[in-house]
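Coordinates in review
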Amino acid sequence: MAGMRCVVLGATGYIGGRLVPDLIRAGHRVRVMARTPAKVAEAPWLDHVEVVRGDVTVADDVRAALAGQECVFYLIHSLTRRDFARIDQHAARTVATAARSAGARRIVYLGGIIPERTPLSRHLASRADVGAILRGSGVPTAELRAAVIIGSGSASFEILRYLSERLPAIVAPRWVHNRIQPIAVRDVLYYLERAAWLPADVNRAFDIGGPDVLTYLTMMQKYAAVAGLPRRLVLPVPALTPWLSAQWVNAITPVPRALAIPLIESLVHEVVCHDNDIATYIPEPEGGATHYEQAVELALARIRNADVPTRWSDADIAGVPSNPLPSDPDWSGGSLYEDVRERHTDASPSVLWSVIESIGGQNGWYSFPLAWSLRGWIDRVTGGVGLRRGRKHPHHLHPGEALDWWRVEHIDRPRLLRLRAEMRVPGLAWLELGVEPRADGGACYRQRAIFQPHGMAGHLYWKAITPFHDIVFGGMVRNIIGTAEHATADDEPSADAGET
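The structure displayed is predicted, hence computed values, not measured ones. (Residues numbered from 1 in each chain as written. Predicted model: local features only at pLDDT ≥ 70, side-chain atom pairs only at ≥ 80, totals over all residues. Heavy atoms only, no water.)

**A closer look at the packing of helix H7 (residues 216-226) against helix H10 (residues 292-304)**
Two elements in contact, H7 and H10, have axes whose closest approach is 10 Å; the angle formed by their N-to-C orientations is 50°. Accordingly, the angle class assigned to the pair H7 and H10 is oblique. For H7 against H10, the interelement crossing comes out right-handed. Across the interface between the two elements, Met219, Met220, Lys222, Tyr223 and Val226 of H7 pack against Tyr292, Glu293, Val296, Glu297 and Leu300 of H10. Counted by class, the contact of H7 with H10 contains seven nonpolar, no polar and three charged residues. (Axes fitted to C-alpha atoms, helices over the stretch in contact; angles between N-to-C directions. Helix = DSSP H or I, 4+ residues; strand = E, 2+ residues; numbered from the N terminus. Parallel < 35°, antiparallel > 145°, perpendicular 65-115°, else oblique. Left-handed = near helix turned anticlockwise from the far one by under 90°. Contact = heavy atoms within 4.5 Å. Nonpolar A, V, L, I, M, F, W, Y, C, P; charged D, E, K, R; others polar.)

Next comes the structure, spelled out in structure tokens:
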């Protein structure tokens, strides 16, 4: 069966980044639309797809991306925005109109299981609205509805994982006794790819789920068993509302409050498949759907092997810039503060770069750990992302990935790493770490912090933290250089190397 011409909207997200290689392997010709194409610049599948720049809320961008495409995979949501429901509806209408105009044969959308006869959370209501808009587009639409997705790097799995691992006792509000039908991410991808081939008269929603129906409490207990953790005590807290639970999740897990609140609010519902009609058109995966414990084992294996292809944090955080650095030559206007430091070193450029690219996560930030931890805690308390997002791989970075409270905006390996701040500050901030080789084999290390203030609060913020720059930024320079010089010395052969 010849492949289709497919466009993936949301290819830089958790599901989209995993679906693209599956579509390629299945023989489809794939186009991806990305608001920031640099985020897929190092994707292993880049040479096998067409990349177009665009935003799903801009009609001209969407029309250009969908032109000539037969199947549209819609994997978009805006949960980190306060007005996510309005944005998602606008994006869905824009895509629906463009798909009809382009003569697309099929739309495939991943939504959430919708409980019956009960008021919906904002998250599930928005998912239902988007599904209805796409099904009413005039283009046959397959809306696949899933509950909790179990896979390395998914937001739902990270919440489950950290709540189970970091707490000696399971805090058990009433909603943890609600039934859930989780599904492995591999099975979600299986159904998404095959939904492209559904008959032309199929325009409806399908519930998809794994073979197990469990309470959230049982899911945590089974996770602990698979992970080899001691059996968790259960601490009933009936007064802990979903909103308060989300604050607790924000404090314990890497998932920020803006994302945790809509996800936790949805757990007040029982999300169990209402039917298995999907089996009429798509058979179960070979060997059957993945059981919950096996899905957890597969996710943990990927985490242990640092083989997590996509994470929830790959998605951009609302309100942060994706435009050029304001100190670039083509930028003008407004105030700009900089802290620039340079230091020459006998460390080799390659070793110095390896130290730079390994920064953050478990490797730390080479300066005053207590201050970084305190700033991260403040960011979390105020609703930011904090330092807990970590990094995918201990030594390699890719454009667009999250790095603690930063986003990797640009890499010119092995010369420049540019990070864009996603912490809560009254302005926009960047951090650049650079290497310039010297003729004698050494290197010049250059570090630049850039801050564009918003209003008087931004100016006061920069002036308030300026006295600490020598401790924080100066300490980074000294410790990065010291680490590189120590590693370079360790790599040098001893004086009697080769002698017998």
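**Side note on the sheet that holds strand E11 (residues 204-207)**
For sheets, the rule is that strands pair by backbone hydrogen bonds, running either parallel or antiparallel. Read across the open sheet, the seven strands follow the order E3-E2-E1-E4-E5-E6-E11; overall the sheet is parallel. Only two strands of the sheet have a single neighbouring strand rather than two, namely strand E3 (49-53) and E11. Strand after strand, the sheet turns through a mean of 20° between neighbouring axes, direction not considered. Pairing of strand E6 (residues 141-146) with E11 involves four bridges; the strand directions are parallel. The partner of Leu144 across the bridge, within E11, is Phe206. In the packing of helix H1 (residues 16-25) onto the sheet, the strands contacted are strand E1 (5-9), strand E2 (29-34), E3 and strand E4 (71-74), and the crossing angle to E2 comes to about 160°. (Pairing = 2+ DSSP bridges.)

**A look at the sheet that holds strand E14 (residues 337-345)**
Taking strand neighbours across the sheet as the criterion, the six strands line up as E14-E19-E18-E17-E16-E15 in an open arrangement whose pairing is antiparallel. Pairing within the sheet leaves two strands with one partner each, and these edge strands are E14 and strand E15 (402-403). Summarising the sheet, E14 and strand E19 (residues 443-453) pair through nine bridges and their orientation is antiparallel. Looking at E19, one finds that Arg341 is bridged to Gln447. Of the strands in this sheet, E14, strand E16 (406-412), strand E17 (416-421), strand E18 (427-437) and E19 touch helix H11 (residues 349-357), which is tilted by about 160° from E18. Sheet contacts for helix H13 (residues 455-465): E14 and E19; angle to E19, the most-contacted strand, approximately 145°.

**A few points about the confidence of the model for the protein**
Per-chain confidence: the protein averages 84 in pLDDT, with 87% of residues scoring 70 or above. Helix H8 (residues 242-252) is the least confidently modelled element of the protein, averaging 70 in pLDDT, while E4 averages 97, the highest of any element. Under a pLDDT of 50 for its full length, residues 327-334 has, in the predicted model, nine contacts with residues more than four places off or in other chains. (pLDDT = per-residue confidence, 0-100.)

**Quick look at the pattern of salt bridges**
Counted under the stated rule, the structure contains 27 salt bridges. A salt bridge links Asp22 to Arg25, with the shortest nitrogen-to-oxygen separation between them at 2.3 Å. With Asp22 and Arg25 both in helix H1, this residue pair falls three residues apart, about one helical turn. Between Glu143 and Arg135 there is a salt bridge, with its nearest N and O atoms 2.2 Å apart. Overall, the relative accessible area of 0% leaves Glu143 in the buried class. Owing to a relative accessible area of 26%, Arg135 belongs among the partly exposed residues under this scheme. (Salt bridge = Lys/Arg side-chain N within 4 Å of Asp/Glu carboxyl O. Buried < 20%, exposed > 50% of the residue type's maximum accessible area, 1.4 Å probe, protein only.)

**Concerning helix H3 (residues 84-102)**
Under the 1.5 Å per step criterion, the end-to-end length of H3 is 26 Å for 19 residues, consistent within 8% with the ideal 27 Å. Where H3 is buried, its residues contact E1, helix H2 (59-66), E4, strand E5 (106-112) and helix H4 (122-135). Gly103 sits one or two positions beyond H3 and adopts a positive phi of about 75°. (Expected span 1.5 Å × (residues − 1).)

**Let's talk about empty space enclosed by the protein**
Counting across every chain of the model gives two cavities of 30 Å³ or more. Counted as a void, the largest cavity has a volume near 100 Å³. In terms of lining residues, the largest cavity is bounded by 13 residues, among which Leu163, Val171, Pro173, Trp175 and Trp248 are the most central. Secondary-structure elements contributing two or more residues to the lining of the largest cavity are strand E8 (169-172), H7 and H8. Looking at the lining of the largest cavity element by element, the count peaks at three residues for H8. Of the residues assigned to the lining of the largest cavity, the class counts are twelve nonpolar, one polar and no charged. What the second largest cavity holds in volume is close to 30 Å³. As for the second largest cavity, its lining consists of Ile150, Pro182, Ile183, Ala184, Gly210, Thr290, His291, Tyr292 and Ala295. Where the lining of the second largest cavity is concerned, the elements lending two or more residues are strand E10 (183-184) and H10. (1 Å grid on protein atoms, 1.4 Å probe; cavity = no way out; pocket = protein on both sides within 12 Å on 5 of 7 lines; lining within 4 Å. Points joined across faces, edges and corners; volume = space filled by probe spheres on them.)

**Things to note about a nonpolar patch on the surface**
Nonpolar side chains collect at one region of the surface, where Phe368, Leu370, Phe468 and Ile471 lie side by side and expose about 420 Å² of accessible area between them. Tracing the chain through its elements places Leu370 in helix H12 (residues 369-381). On the accessibility criterion, Leu370 (62% relative accessible area) is exposed. (Patch = residues over 30% accessible without salt bridge, like charges linked within 9 Å, V, L, I, M, F, W, Y side chains within 5 Å. Areas by Shrake-Rupley, 256 points an atom, 1.4 Å probe, with all protein chains shown as cover.)

**Here's the deal with helix H6 (residues 185-195)**
Counting buried residues in H6 gives nine out of eleven residues, a clear majority hidden from the surface. Within the span of H6, buried status applies to Val185, Asp187, Val188, Leu189, Tyr190, Tyr191, Leu192, Glu193 and Ala195. The inward-facing, buried residues of H6 abut H1, E4, E5, E6, strand E7 (149-150) and E10.

**What to know about the side chain of Arg127**
Its place among the elements puts Arg127 in helix H4. Buried charged residue Arg127 carries no salt bridge. Nearest counter-charge: Asp88, at 5.8 Å. (Lys, Arg positive; Asp, Glu negative; His and termini not counted.)

**Considering the pairing of E6**
Most of E6 is tucked away, with six of its six residues classed as buried. Neither face of E6 is exposed, since Thr141, Glu143 and Arg145 on one face and Ala142, Leu144 and Ala146 on the opposite face are all buried. Sheet analysis places E5 next to E6, joined by six bridges and oriented parallel. Bridging across to E6, Gly111 finds its partner in Arg145. Handedness of the β-α-β unit built from E5, H4 and E6 comes out right-handed. (Right-handed = clockwise from strand over helix to strand, strands pointing away.)

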